[in-house]
Amino acid sequence: VTGSGSLAEALAAEHAAIYAYGPIGVRLDGEHAATAREAEDAHRHRRDALVVLMAGRGTDPPTAAVTYELPFEVTNPDAALRLAVLVEERVAAVWRAALPETTAPDREVALDALVDAAVRATRWRLAAGVAPATVPFPGAL
Amino acid sequence: VLGALAGATTAGTLTGCSWLAPVPPPPLPPDPLAPLLRSNRRLTGHYQAVLAVHPELTDLLSPLVAVHTAHAAVLLDLVRRPAATPPAGGWVQSPATNVPAEAADALAMLRAEEEAARDEAAQACLAAPPERAALLGSICAARASHVEVLS
């Protein structure tokens, strides 16, 4: 069970992540493009599950914005990798913030999402050659 | 008069134990975070053991050790119970840790330990009161990220 708001915020973050993977995927190829596709699929699955969960409880799930302002232009693979790291860090932060607001079974949903986002952020830092590739407290911005 | 009374009380305390055994205060229940701190220390010890045998892994493993050290500081701060005081001989495990001679096998050993540590932190997060849930979620996510680095 969840306090009002935190699942809605998580859903909004998932919408934004799905949007961001559009320009990210365009600038990557090979193995990195495949990783971006998997990541985007994971965010879509999470979004769909959240929409079902919220609708089942009679809460109106927030819809995606038509467009989002990216924090910087994605004109090359380096920028795409940097944005991918940022997207996963932001998603991790939103799910981490949901943890204290949730109890079973929702907390497990939030924890799974935080862990997945943190692992993907690590994967993208490795791809971008960012060192260190890990942070002590994922999601704590 | 008061001084005499106080003296009598002290004398009574000193001699009274011959027929009434003093009851020690009950030990504090172990903090639920104590096992997490123990696995943190064990893991750090195993990283150090691997590094002693495979110094060529320093660049890869040092950042992971630093993360565990940061976790230990926060956990120790939260636990602050007698159970968290270092055992005689220190936290680091005895050199009985068998470090595989092949670096790849040593990394696989650490990866398996991080997987178990990740699952342990997940259980702790799910069972935690709200004020600890975010921290434990981050520790779980960090351990999961280590599995990714070691894969």
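This text goes with the structure placed above it.
Here the structure is a predicted model, which means the values were calculated and not measured.

### Regarding unusual backbone geometry
Residue and element names in this part refer to chain A.
Thinking step 1. Here the residue pair A104 and P105 is connected by a cis peptide bond, since its omega of 0° sits within 30 degrees of zero.
Thinking step 2. Structurally, P105 is set in the loop between helix 3 (77-98) and helix 4 (106-128).
Thinking step 3. For the bond running from A131 to P132, omega is -5°, close enough to zero to count as cis.
Thinking step 4. Mapped onto the elements of the fold, P132 is located in the segment after helix 4.

### Looking at the interface of chain A and chain B
Thinking step 1. Counting from both sides, the interface comprises 20 residues of chain A and, opposite them, 27 residues of chain B.
Thinking step 2. Of the roughly 1800 Å² buried at the junction of chain A and chain B (both faces included), carbon and sulfur atoms supply 73%.
Thinking step 3. As a salt-bridge pair, R123 of chain A and E148 of chain B come within 2.9 Å of each other at their nearest N and O atoms.
Thinking step 4. Summed over the shared surface of chain A and chain B, the result is seven residue pairs in polar contact (both at pLDDT 80 or more).
Thinking step 5. With 10 residues, the top contributor of residues to the side of chain A that touches chain B is helix 4 of chain A.
Thinking step 6. In terms of residue class, the side of chain A that touches chain B is made up of 14 nonpolar, two polar and four charged.

### As for the pattern of salt bridges
Residue and element names in this part refer to chain A.
Thinking step 1. Summed over the entire model, instances satisfying the criterion amount to 10 salt bridges over all chains.
Thinking step 2. D116 serves as the salt-bridge partner of R46, at 2.9 Å between the closest nitrogen and oxygen. With R46 in helix 2 (residues 30-56) and D116 in helix 4, the pair connects residues that are 70 residues apart, well separated along the chain.
Thinking step 3. E88 serves as the salt-bridge partner of R120, at 3.1 Å between the closest nitrogen and oxygen. Note that R120 is positioned in helix 4 and E88 in helix 3, a separation of 32 residues in sequence.

### A closer look at the packing of aromatic side chains
Residue and element names in this part refer to chain A.
Thinking step 1. With the rule as written, the count across this model stands at two aromatic pairs over all chains.
Thinking step 2. Plain terms: the ring middles of Y19 and Y68 are 5.1 Å apart, the flat faces sit at 50° to each other, and that makes the pair tilted. Taken together, the positions of Y19 in helix 1 (residues 6-26) and Y68 in the loop between helix 2 and helix 3 put the pair 49 residues apart, joining distant regions of the chain.
Thinking step 3. Of the residues examined, Y19 reaches a relative accessible area of 29% and is grouped as partly exposed.
Thinking step 4. Their ring planes at 35° and their centres at 6.4 Å tell us that Y21 and W124 sit as a pair that is tilted. Placement of the pair is Y21 in helix 1 and W124 in helix 4, with a sequence separation of 103 residues. Taken individually, Y21 and W124 each receive the classification buried, so the pair is uniform in this respect.

### What to know about the nonpolar core
Thinking step 1. Of all hydrophobic cores here, the largest spans 53 residues; its most connected members are Y21, I24, L28, V87, W95 and W124 of chain A together with L136 of chain B.
Thinking step 2. Put simply, the parts of the chain that give this core at least two residues each are helix 1, helix 2, helix 3 and helix 4 of chain A together with helix 2 (34-53), helix 3 (58-79), helix 4 (103-127) and helix 5 (130-150) of chain B.
Thinking step 3. Per-element tally for this core: the top contributor is helix 3 of chain A, with 11 residues.
Thinking step 4. Discounting residues that sit within four places of it in the chain, V87 of chain A has contacts with A17, A20, Y21 and I24 of chain A.

The rules behind each value
- Residues numbered from 1 in each chain as written.
- Chains lettered and ligands numbered in written order.
- Predicted model: local features only at pLDDT ≥ 70, side-chain atom pairs only at ≥ 80, totals over all residues.
- Heavy atoms only, no water.
- Helix = DSSP H or I, 4+ residues; strand = E, 2+ residues; numbered from the N terminus.
- Contact = heavy atoms within 4.5 Å.
- Buried area = accessible area lost by both parts, 1.4 Å probe.
- Salt bridge = Lys/Arg side-chain N within 4 Å of Asp/Glu carboxyl O.
- Polar contact = N/O pair within 3.5 Å; in protein donor to acceptor, adjacent residues only side chain to side chain.
- Nonpolar A, V, L, I, M, F, W, Y, C, P; charged D, E, K, R; others polar.
- Phe/Tyr/Trp six-rings, centres within 6.5 Å; stacked < 30°, edge-to-face > 60°.
- Buried < 20%, exposed > 50% of the residue type's maximum accessible area, 1.4 Å probe, protein only.
- Core = buried A, V, L, I, M, F, W, Y, C linked by side-chain atoms within 4.5 Å.

By themselves, these are just geometric observations and shouldn't be taken as functional.
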